[in-house]
Amino acid sequence: MKKTVIIILCLFTFMLPPQASAQRKIPILIYHSIDEFHGHGSKELYVTPDNFKKQMLYLRDHNFTLLTFDRWQDIHKVNKPIFITFDDGYKNNLNAFAIFQQLKNEQFTPMGTIFVISDFIGRSNRLSKEDLKKLADSKIISIQSHAATHPDLTKSNQLEYELKESKEKIQNITGKPVIALSYPYGSADDNVINEAKKYYLFGLTTTPEPFYEKGIKDELYLLPRIYVKYSTTLNEFAQIVENVATKTR
Ligand SMILES: [Zn+2]
C-alpha cells in the first residue's frame, strides 16, 4: 500500500505543470518615446514620463533586477531579471534616463538599453553624439545598434553597412562595445542572422513573449520583446513583467 502511495506521489511530481520546474521566463520590454503625446506619430509608441516612472517604481518595489546585454550571463544569478529597451534613439529618452537617476538607491540600480539608428544620430528629435557619450558614461544606459538607416534588413542590399558600420560608428562615440542589434521592424531572416553573427552576440525581434531558453538554433539572435504602450495600464504592466500576461499586443 505504502509503495503504491509513493509511486502515485512520484507520478504526480512528474505531472506538475512545466513552469513549476522549468527555468524562469525573462521579460525584455520595448519602448520608443518617453514623453507626453503631442499629436505627432503613433500614440501607442509613447509612454508618458509619469507612467514610465510608475512602471519602474513597480519594478523597484517588486525586487526586479534590471540588466543590460553585457550582463546576459547574470540572468541565472540575479533576482527577477528584466531588460528595458528603447528603440530609435529619440531625444526624449533623456526623460527615461532622468527617471532612472531619480529611482536609483542602494538596493536598486536601474539600467536600460537604447538602440540607436546610427545615421540618425544628432537629428533634431534624436539623441546627439554628446547625449550618447553622457548616457554611456553614466553606466545606467547601454547604447546599442538599430542599424544605420532603419531599413527592413531582410530587403536590404547593404547589410554590411547597416550592421558593421553602425556598430563601429556607435562604438567610436561611446567607447563601449556594441554587442546587440535590434532589427528594424523586428524583421530578420536566416541571411540577416548570419550577417548579424559576424558582429553581434544578440539580435532582438518584436515577437511578443518573454524569453526562456528553448534550446533552438540561433535563439540569442531571435530574442523576443514585449511592447509597453501608451495605453498599457499599471495592472497590465504588472501582468507582463510577472509573466502572467494574456494580453501582450
Ligand atoms: Zn525602429
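Here we summarise the structure given alongside this text.

Criteria and thresholds
Residues numbered from 1 in each chain as written. Predicted model: local features only at pLDDT ≥ 70, side-chain atom pairs only at ≥ 80, totals over all residues. Heavy atoms only, no water. Axes fitted to C-alpha atoms, helices over the stretch in contact; angles between N-to-C directions. Helix = DSSP H or I, 4+ residues; strand = E, 2+ residues; numbered from the N terminus. Parallel < 35°, antiparallel > 145°, perpendicular 65-115°, else oblique. Left-handed = near helix turned anticlockwise from the far one by under 90°. Contact = heavy atoms within 4.5 Å. Nonpolar A, V, L, I, M, F, W, Y, C, P; charged D, E, K, R; others polar. Salt bridge = Lys/Arg side-chain N within 4 Å of Asp/Glu carboxyl O. Buried < 20%, exposed > 50% of the residue type's maximum accessible area, 1.4 Å probe, protein only. 1 Å grid on protein atoms, 1.4 Å probe; cavity = no way out; pocket = protein on both sides within 12 Å on 5 of 7 lines; lining within 4 Å. Points joined across faces, edges and corners; volume = space filled by probe spheres on them. Donors = N, O, S within 2.8 Å, 3.2 Å for Na, K, Ca; no water. Phe/Tyr/Trp six-rings, centres within 6.5 Å; stacked < 30°, edge-to-face > 60°. Core = buried A, V, L, I, M, F, W, Y, C linked by side-chain atoms within 4.5 Å. Expected span 1.5 Å × (residues − 1). Arc of directions from axis to C-beta. Polar contact = N/O pair within 3.5 Å; in protein donor to acceptor, adjacent residues only side chain to side chain.

**A look at the packing of helix α2 (residues 49-61) against helix α7 (residues 234-241)**
Working note: a packed helix pair is described by the angle between its axes plus the distance between those axes.
Stage number 1. For the pair α2 and α7, interaxial distance at closest approach is 10 Å and the crossing angle is 45°. Taken together, the axes of α2 and α7 lie oblique to each other. The two elements α2 and α7 cross, and the hand of that crossing is right-handed. Along its contact with α2, which presents K54, Q55, M56, Y58 and L59, the element α7 presents L234, F237, A238 and V241.
Stage number 2. The residue makeup of the contact of α2 with α7, split by class, is 7 nonpolar, 1 polar and 1 charged.

**Here's the deal with the pattern of salt bridges**
Pairs can form between side chains of opposite charge once their charged atoms are near each other.
Stage number 1. Here the structure, examined in full by the defined rule, presents 14 salt bridges.
Stage number 2. For D218, the salt bridge is made with K217, and the minimal N-O distance between the two is 3.4 Å.
Stage number 3. According to the relative accessible area criterion, D218 is buried, its value standing at 13%.
Stage number 4. Salt bridges sharing partners connect three or more residues here, namely R71, D74 and K77.

**Details of empty space enclosed by the protein**
Stage number 1. The final tally for this structure, using the stated rule, is 1 cavity of 30 Å³ or more.
Stage number 2. If you add up the space inside the largest cavity, you get close to 30 Å³.
Stage number 3. As for the largest cavity, its lining consists of D88, G89, V116, I117, F120, I121, R126 and L127.
Stage number 4. Class assignment for the residues of the lining of the largest cavity results in 5 nonpolar, 1 polar and 2 charged.

**Description of the coordination of the zinc ion**
Stage number 1. Protein-derived ligands of the zinc ion are D88 (OD), H146 (NE2) and H150 (NE2), with the metal-ligand distances lying across 2.1 Å.
Stage number 2. The sequence pattern formed by the donor residues of the zinc ion is D-x57-H-x3-H. Taken together, the positions of D88 in the loop between β5 (81-87) and α3 (93-103) and H150 in the loop between β7 (141-145) and α5 (159-174) put the pair 62 residues apart, joining distant regions of the chain.

**Digging into the packing of aromatic side chains**
Stage number 1. Summed over all chains, the structure comprises 15 aromatic pairs.
Stage number 2. Between the aromatic rings of F37 and Y230, the centroid separation amounts to 6.5 Å while the plane-to-plane angle is 65°, which identifies the pairing as edge-to-face. Pair noted here: F37 is in the loop between β2 (33-34) and β3 (46-47) and Y230 is in the loop between β10 (226-227) and α7, with a separation of 193 residues, a long-range link.
Stage number 3. Using a relative accessible area of 28% as the deciding quantity, one classes Y230 as partly exposed.

**A few points about the nonpolar core**
Stage number 1. Membership of the largest hydrophobic core comes to 51 residues, with the highest contact counts inside it found for L29, Y31, F52, M56, L59, L66 and I84.
Stage number 2. In terms of residues, this core owes the most to one element, α3, which gives 5 residues.
Stage number 3. With residues near it in sequence (within four places) discarded, L29 still touches I82, F83, I84, T85, R225, I226, V228, F237, I240 and V241.
Stage number 4. Ranked by size, the runner-up nonpolar core spans 15 residues in total, among them I75, F83, F115 and A180.

**Description of α2**
Stage number 1. For α2, spanning 13 residues, the distance from its first C-alpha to its last is 18 Å, which sits close to the expected 18 Å at 1.5 Å a residue.
Stage number 2. Taken residue by residue, α2 has F52, Q55, M56, Y58 and L59 as its buried positions. Burial along α2 is one-sided: seen end-on, the buried residues are contained in an arc of 145°.
Stage number 3. Positive backbone phi, at 60°, marks N63, one or two positions downstream of α2.

**Section: the environment of S138**
Stage number 1. Assignment of secondary structure puts S138 in helix α4 (residues 129-138).
Stage number 2. Of the residues examined, S138 reaches a relative accessible area of 25% and is grouped as partly exposed.
Stage number 3. A C-alpha to C-alpha distance of 9.4 Å links S138 and F97, two positions 41 residues apart in sequence.
Stage number 4. At a separation of 2.5 Å, a polar atom in the side chain of S138 contacts the main-chain carbonyl oxygen of L135.
Stage number 5. Polar contacts involving the side chain of S138 include one to the main-chain amide nitrogen of I140, which spans 3.0 Å.

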